[in-house]
Amino acid sequence: MTDSNASTNDAPIVSVRKVEKTFRRGGEEIRVLDALDLDVPKGEFLALMGPSGSGKTTLLNLIGGLDQPTGGSVVVAGEHIEDLSSRELADWRAENIGFVFQFYNLLPVLSAARNVELPLLLTSLSRAERKRHVAVALEAVGLSHRASHTPRTLSGGEQQRVGIARAIVTDPTLLLCDEPTGDLDRKSGDEILSLLQALNRDQGKTIIMVTHDPHASARAARTVHLEKGQLVSSVVAGAMA
Amino acid sequence: MKFLGLLWGNLMRRKLRTLLTVLSIFVAFFLFGLLGTIKEAFAAGVTVSDADRLVVRHRVSLFMLLPINYATRMRQIDGVEAIASWTWFGGVYKDDMKNFFPNMPVDPDALFDVHPEYVFTDADKDAWRTTRTGAVVGETLADRFGWKIGDRVPLKSPIWPKPDDSAWEFDIVAIYKGKKPTTDTSSFFFRYDYFDETRPNEKGKVGWYMVRVSDPDRAGDVAAAIDAEFANSSAETKAEPEAAFQQGFVEQIGSIGTILMSILSAVFFTIILVAGNTMAQAVRERTQEIGVLKAIGFTDARVLALVIAESCSVAILGGAAGLLSAWIIGQFGSPVPELLPVFYLPPSYLAVGAALILALGVAAGILPAIAAMRLHVAVALRRHGA
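Residues numbered from 1 in each chain as written. Chains lettered and ligands numbered in written order. Predicted model: local features only at pLDDT ≥ 70, side-chain atom pairs only at ≥ 80, totals over all residues. Heavy atoms only, no water.

S.K.: With reference to specific residues and values, describe the environment of Arg144 of chain B.
M.R.: Assignment of secondary structure puts Arg144 of chain B in helix H6 (residues 139-145). Counting along the chain gives 39 residues from Arg144 of chain B to Thr183 of chain B, while the straight-line C-alpha distance between them is 16 Å. (Helix = DSSP H or I, 4+ residues; strand = E, 2+ residues; numbered from the N terminus.)

Here it is as structure tokens:
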């Protein structure tokens, strides 16, 4: 099926058309995404669900410009990212995308504040401005008091908050979360989901979240299901499509 | 500058490993500096040689003497400007061979004319001219024995014993300095007239001549003219540029430079492998972090630069410390002034060392840096299941 539930009057911020992605493993060609269409309106909190190998992380990587499609087009905020070079993609990611990873992926040698500051090193902001942005981001995730702590001294939930602060510190167009609660206990996971909901609701952040967890997807405004590289259903919270 | 925090954090990730790598690079560059100092010390005679000076010695051997009247005949040769005679005295201080240092009888004014690299004041010169037993000593030698002007120094020479076999006694009238850091200031000069009148035999003879020519470009012609002047005499000469004469001495010791460079090449090759392995390991264990950096917008070129910068930082920390240590040791002077009077690390070695440090940093980091640069971001992130 195609994504027909992009219920918005605005042009979608993410528009995926006839996207295909194949990998070669040994002599065999594996088709991970198969002519997939997806629209994500600005300000939506979307959950991507599906069994392992269904292509949801691959789709997230394509939307985030971490990988290039084999065919079709991926348009994010008006930019055809499949046409960008490796260098242009890097610059584009720095400007438009905030990533939140399952295992937080913080640099263990840096403090929480320094981790959050990393994306700002690629901007022309002064040191004082960077410091101010970092403070705001850490405040937004409720971790101002842990700014000088290294990841090793933080709990899993706190590390993921730092990861979210790093993702939002440049005020990106899109927040892409790959199993953000996958490594957390239920309580910490709920806190992270509440934080993402708040970012979506209060700051209008567009969020696409890959998850296996129905409990997590229930927090999203819409959930799409993938199977064998194709979109099989799209469910708006509180309704069936 | 804003990436320094990240750079430092990565260096401190494995403190012991970084420390050991820095230490190994320190040793390599300390050796480079020290061996360079020693090489220069051996070659000092060559490097301080003046292009406008010739050495004229007996054709058969340096140990055979030449008549003093050769100076008068050489002065008639076109292109000869000044002449100083030198004679190896071989005196030993306090009758102890450990106290060996070069000591020679010379004519004071001839020495001033031919060897302007020895710096004397006018008062020094006058004092020497008016003191028959006067001697002038280099500041390195004076420091070595704690001598000062007015001290009386006894020397016994197995080559030139006094008729009564007593020690020769000299009064220090001046302590000379060197015009350049490479100038030898470990010699002891005394007056030839006092020496010649006192010695019981071989009167009127000298060891060799130093001849200053008016035009260095014509030095070869002048040397040939000198040799022709004394051809078929009982004491034929061999005149050659001072540098060639000194080089002959150095070559007698062996190809010092080749030996030292061979050692250094082996050391540097090993260090490149050590540092390169360290960097490769450091990058390999950070695959996922490199993926994260790329995901948040670090370009391939920036990742390459970060790894190279890290590698260069390690090389600079160890290399600069090693070079500095070798330079400091040179500042304390020669540990064996009787053998190597000129002992310091020339600035040219510091410049070459700095270039080698950067080359080492780049060479050790380039392959891991290229590997990091080529790392596909999605693949790198998958390493941990992200």
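S.K.: If you had to explain the nonpolar core to someone new, which residues and values would you point to?
M.R.: Among the nonpolar cores identified, the biggest contains 40 residues, and Met74, Trp147, Phe170, Phe188, Tyr209, Val211 and Ile226 of chain B are the most heavily contacted of them. Of all the elements, helix H8 (residues 219-229) of chain B adds the most residues to this core, at four residues. Leaving out residues up to four positions away in the same chain, Met74 of chain B has contacts with Val56, Val80, Ile83, Tyr209, Val211, Ile226 and Phe230 of chain B. Membership of the second largest hydrophobic core comes to 35 residues, among which are Val74, Ile81 and Trp92 of chain A together with Leu381 of chain B. (Core = buried A, V, L, I, M, F, W, Y, C linked by side-chain atoms within 4.5 Å. Buried < 20%, exposed > 50% of the residue type's maximum accessible area, 1.4 Å probe, protein only. Contact = heavy atoms within 4.5 Å.)

S.K.: I'd like to hear about the confidence of the model for chain A, residue by residue, with values.
M.R.: Caution applies to low-pLDDT parts of the model: their predicted coordinates are not meant to be read in detail. Averaged over all residues, the pLDDT of chain A is 90; the fraction at 70 or higher stands at 94%. The low-confidence segment residues 4-9 of chain A (pLDDT under 50) makes seven contacts with residues lying over four places distant or belonging to another chain. (pLDDT = per-residue confidence, 0-100.)

S.K.: Quick rundown of the side chain of Asn61 of chain A? Include the residues and the values.
M.R.: As for its position among the elements, Asn61 of chain A is in helix H1 (residues 56-63). Look past the residues within four positions of Asn61 of chain A in its chain and what remains in contact with it is Leu66 and Asp67 of chain A together with Ala378 of chain B.

S.K.: Describe the environment of Arg218 of chain B, listing the residues and the values that go with them.
M.R.: All names here are of chain B. With respect to the helices, strands and loops of the structure, Arg218 is situated in the loop between strand E12 (208-213) and H8. The exposure class assigned to Arg218 is partly exposed, which follows from its relative accessible area of 30%. Beyond its immediate chain neighbours, meaning those up to four positions away, Arg218 contacts Asp78 and Gly79.

S.K.: Run through the interface of chain A and chain B, naming residues and quoting values.
M.R.: Counting residues at the interface gives 27 residues for chain A and 26 residues for chain B. For the chain A face of the interface with chain B, the top three residues by lost area are Val109, Leu121 and Leu122 of chain A, together amounting to 22%. The interface formed by chain A and chain B holds zero salt bridges in total. Counting the contacts that link chain A with chain B gives six residue pairs in polar contact (both at pLDDT 80 or more). A per-element tally of the side of chain A that touches chain B places helix H2 (residues 86-96) of chain A first, with six residues. Partitioning the side of chain A that touches chain B into residue classes produces 14 nonpolar, five polar and eight charged. (Buried area = accessible area lost by both parts, 1.4 Å probe. Salt bridge = Lys/Arg side-chain N within 4 Å of Asp/Glu carboxyl O. Polar contact = N/O pair within 3.5 Å; in protein donor to acceptor, adjacent residues only side chain to side chain. Nonpolar A, V, L, I, M, F, W, Y, C, P; charged D, E, K, R; others polar.)

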